[in-house]
Amino acid sequence: MQRTLAIIKPDAVGAHYVGSIIQRIEASGLEIRALRMVNLTQKDAEGFYAVHKDKPFFAGLTAFMSSGPAVVLALEGENAIRRWRDLMGATNPEDAEAGTLRKEFGTSIDRNATHGSDAEDTAAYELSYFFCGLELR
């Protein structure tokens, strides 16, 4: 079994897509092990995305992620990272395949509805950023 972090970003929360996205997660067979709504501060978002601090999109990304509530989830299942990334689709909704979350709910590369860990070490870090050990038993 593998775990990964999923985020339903502020654009999708604001557009009332949380229920639809969670329904798709459950239908995919991934298990939701923990879930909470968060309101990231700019500093929280900068800490979470620190790996991108030298990239040109960092300021916009952290401003966006602190612009409203987001839902963070710990997902579990066989090959959870790959399965979640496949369900999300390409980062740019224009490039995402039909039926993926980003194609359906994203509006641009900057407002693409969801986030997911890209590797096991990233998932471990990202999960620990939002959930303590007691929440992930």
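Since we're looking at a predicted model, the values are computed, not measured.

Thresholds, definitions, all that
Residues numbered from 1 in each chain as written. Predicted model: local features only at pLDDT ≥ 70, side-chain atom pairs only at ≥ 80, totals over all residues. Heavy atoms only, no water. Helix = DSSP H or I, 4+ residues; strand = E, 2+ residues; numbered from the N terminus. Buried < 20%, exposed > 50% of the residue type's maximum accessible area, 1.4 Å probe, protein only. Polar contact = N/O pair within 3.5 Å; in protein donor to acceptor, adjacent residues only side chain to side chain. Phe/Tyr/Trp six-rings, centres within 6.5 Å; stacked < 30°, edge-to-face > 60°.

Our focus in this paragraph is the side chain of Gln 2. Here Gln 2 is to be found in strand 1 (residues 2-8). Exposure remark for Gln 2: the relative accessible area of 16% places this residue in the buried category. Of the polar contacts made by the side chain of Gln 2, one reaches the side chain of Glu 120; its length is 3.1 Å.

Below, the discussion takes up the packing of aromatic side chains. In this structure the tally under the stated criterion is 6 aromatic pairs. Aromatic side chains Tyr 17 and Phe 105 sit 4.6 Å apart centroid to centroid with 45° between the ring planes, which places their arrangement in the tilted category. In this pair, Tyr 17 is assigned in the loop between helix 1 (10-14) and helix 2 (18-27) and Phe 105 in helix 6 (residues 101-105), connecting sequence segments 88 residues apart. For Tyr 17, a relative accessible area of 28% puts it in the partly exposed group. Every member of this aromatic cluster is reached through a ring pair, and the members are Phe 48, Tyr 49, Tyr 125, Tyr 129 and Phe 130.

Remember that the coordinates give geometry; whether it matters functionally is a separate question.
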